[in-house]
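Topology and contacts: notes
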Amino acid sequence: MKIGIVAPARPVDPALAARTSAFAAIAFPAVELVFHPQCFASDGGHFAGTDAVRAAAFLDYANDPAFDALWFARGGYGSNRILAAVLPELGPAAARKSWCGYSDTGFLLGALYARRIGRPVHAPLVADLGRKGGDATVTRTLAWLAGRDRAGLEPSLGGRPAAAFNLAILAALAGTPWLPDLTDHVLMIEEVSEPPYRIDRMLFQLAHATQLKGIAGVRLGRLVDVTPNDPPFAETAQQMIERWCWEMHVPFLGPADIGHDADNKVVPFGMV
């Protein structure tokens, strides 16, 4: 299996890329990782190159039939800025690929799933190797791609199609043509570095998004590094999600084993 790696948002450190390649060569000798040079580019600030550079790199590997999958290097911010440039240019080779990532790259996963291009998968990023216990984290992505190993799957999967998103990314997709039809899907959400009032506000937006009216239910992943409210917020995360699910007229199905952490599990979009 040949996996191409691109950075549609922020760049990765070349040293981390070398560590990832070395780890994969030992743990998954049948897998070849190829980092696009764009992964190490910079526009002088936040992004891994300009929008045009990031879009070109994505299309370079997405339309190359030699690659079986694309693995996103890192989140951050920026994937949404290339959607309009890349989605219309995807060819037949893209339809045969798996696409792995989460966080900001959920923009791409959502847009690809909306058009049923290949197999989008919520899964650890290349950059997650840098976490404590990161070897086990990226193993879930590589094991799924290399042999559809189910050991790293989110444990509640089965029986219904599913999709997983960072809450802020999903809220930003609402009302756009890039949000997929999630009718009858179990929707899993997680968040990082947001205060409770913003989480509540994004849940309000989703509860009233017409595009999400047909979902089968919601599972709540981990809310990591929550910024304290001043004054303290009146509700817990559980209370917030239960209230908005009630207003949305869908069941709250319990926790999801996903999040911005080393324990983040794999959620293939659709049926497993």
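Above: the structure in question.
All figures in this text were calculated on a predicted structure; none of them were measured in a lab. Sequence order sets the numbering: in each chain, residues are counted from 1 along the sequence as written. The predicted origin of the model limits local features to residues at a pLDDT of at least 70 and limits the giving and counting of side-chain atom pairs to 80 or more, whereas totals for whole chains, interfaces and linings rest on all residues. Side-chain measures were taken over the full set of non-hydrogen atoms in the model, leaving aside hydrogen atoms and water.

Along the protein, the regular secondary structure elements total eight helices and 10 strands. With the radius of gyration taken over C-alpha atoms, the globule rule is written as 2.2 Å times the number of residues to the power 0.38. For a compact globule of 272 residues, the expected C-alpha radius of gyration is about 19 Å, and the protein comes in at 18 Å, within 12% of that figure. A 1.4 Å probe rolled over the protein chains alone gives each residue an accessible area, and that area as a share of the maximum for its type sets the label: buried under 20%, exposed over 50%, partly exposed in between. Here the protein holds 272 residues, and the buried ones make up 54% of them. Carbon and sulfur atoms form 56% of the exposed surface of the protein, whose accessible area is close to 11000 Å². Under the convention used here, Asp and Glu are negative, Lys and Arg are positive, and both His and the chain ends fall outside the count. Lys charges are placed at NZ, Arg charges at CZ, Asp charges at CG and Glu charges at CD. Computed over 24 positive and 27 negative side-chain charges, the inter-centroid distance for the protein is 3 Å. Secondary structure elements are defined from DSSP: runs of H or I of at least 4 residues count as helices, runs of E of at least 2 residues count as strands, and each element is numbered from the N terminus. Areas reported here follow the Shrake-Rupley algorithm with a probe of radius 1.4 Å; residue values treat only the protein chains shown as occluding.

Our focus in this paragraph is helix α8 (residues 237-248). For a helix, the expected span equals 1.5 Å multiplied by the number of residues minus one. When the terminal C-alpha atoms of α8 are compared, their 16 Å separation across 12 residues agrees well with the 16 Å that a helix rising 1.5 Å per residue should span. For α8, every residue scored as buried is listed here: Met 240, Ile 241, Trp 244, Cys 245 and Met 248. Seen from one end, α8 has its buried residues packed into an arc of 125 degrees, which puts them on one side. The inward-facing, buried residues of α8 abut β7 (186-192), α7 (196-207), β8 (217-224) and β9 (252-255). Of the residues flanking the end of α8, it is His 249, one or two places downstream, whose phi is positive at about 65 degrees. The arc refers to the directions leading from the helix axis to the C-beta atoms. We call two residues in contact whenever any of their non-hydrogen atoms come within 4.5 Å of each other.

Side-chain positions along a regular strand alternate between the two faces of the sheet. Most of β7 sits out of view: six of its seven residues are buried. For two strands to pair, DSSP has to find at least two bridges joining them. The pairing of strand β6 (residues 162-166) with β7 spans five bridges and is parallel. Bridge pairing in β7 places Asn 166 opposite Glu 190. Looking down the strands as they point away from the viewer, one classifies a crossover as right-handed if the path from the first strand across the helix to the second runs clockwise. Each parallel crossover has a hand, and for β6 linked through helix α6 (residues 167-173) to β7 it is right-handed. Alignment of β7 against β8, held across six bridges, turns out to be parallel. Bridge pairing in β8 links Leu 187 to Val 218. Note on the crossover from β7 through α7 to β8: the handedness is right-handed.

Tracing the backbone through its elements, the reader meets Asn 166 in strand β6. Using a relative accessible area of 6% as the deciding quantity, one classes Asn 166 as buried. A 3.5 Å cut-off defines polar contacts: any pair of N or O atoms within that distance qualifies, except that in protein one atom must be a possible hydrogen donor and the other a possible acceptor, and neighbouring residues in sequence count only when both atoms are side-chain atoms. For Asn 166, the side chain forms a polar contact with the side chain of Glu 191, separated by 3.0 Å. Discounting chain neighbours no more than four positions away, the residues touching Asn 166 are Ser 103, Glu 190, Glu 191, Val 192 and His 260.

Right, let's get into the sheet that holds β9. Read across the sheet, four strands follow the order β6-β7-β8-β9 without closing on themselves; strand pairing throughout is parallel. On the outer flanks of this sheet lie β6 and β9, each paired with one strand and no other. Strand after strand, the sheet turns through a mean of 20 degrees between neighbouring axes, direction not considered. Here, axes are lines fitted to C-alpha atoms. For helices the fit covers the stretch in contact, and angles between N-to-C directions go from 0 to 180 degrees.

Before going further, it helps to spend a moment on the packing of α7 against α8. It is at 9 Å that the axes of α7 and α8 come closest, and there the two elements cross at 15 degrees. Put simply, α7 runs roughly parallel to α8. Of the two possible hands of crossing, α7 and α8 adopt the one that is right-handed. Between α7 and α8, the residues in contact are Pro 196, Ile 199, Asp 200, Leu 203, Phe 204, Leu 206 and Ala 207 and Met 240, Ile 241, Arg 243, Trp 244 and Met 248, respectively. In this count, Pro and Cys sit with the nonpolar residues alongside Ala, Val, Leu, Ile, Met, Phe, Trp and Tyr, while Asp, Glu, Lys and Arg are called charged and the others, Gly among them, polar. When the residues that make up the contact of α7 with α8 are grouped by side-chain class, the tally is 10 nonpolar, no polar and two charged. For this classification, under 35 degrees means roughly parallel, over 145 means roughly antiparallel, 65 to 115 means roughly perpendicular, and everything else is oblique. By convention the crossing between two helices is left-handed if the near helix lies anticlockwise of the far one by an angle smaller than a right angle, and right-handed if it lies clockwise.

Read across the sheet, six strands follow the order β2-β1-β3-β4-β5-β10 without closing on themselves; strand pairing throughout is mixed. Two strands bound the open sheet, and with one partner strand each, they are β2 (32-35) and β10 (267-268). Pairing analysis gives four bridges linking strand β4 (residues 98-101) to strand β5 (residues 119-122), with the strands arranged parallel. Its bridge partner being in β5, Cys 100 is matched across the sheet by Val 121.

Within the secondary structure layout, Ser 193 lies in the loop between β7 and α7. Once residues within four sequence positions are removed from consideration, Ser 193 is found in contact with Val 224, Asp 225 and Thr 227. Among the polar contacts listed, one links the side chain of Ser 193 to the side chain of Asp 225, at a separation of 2.9 Å.

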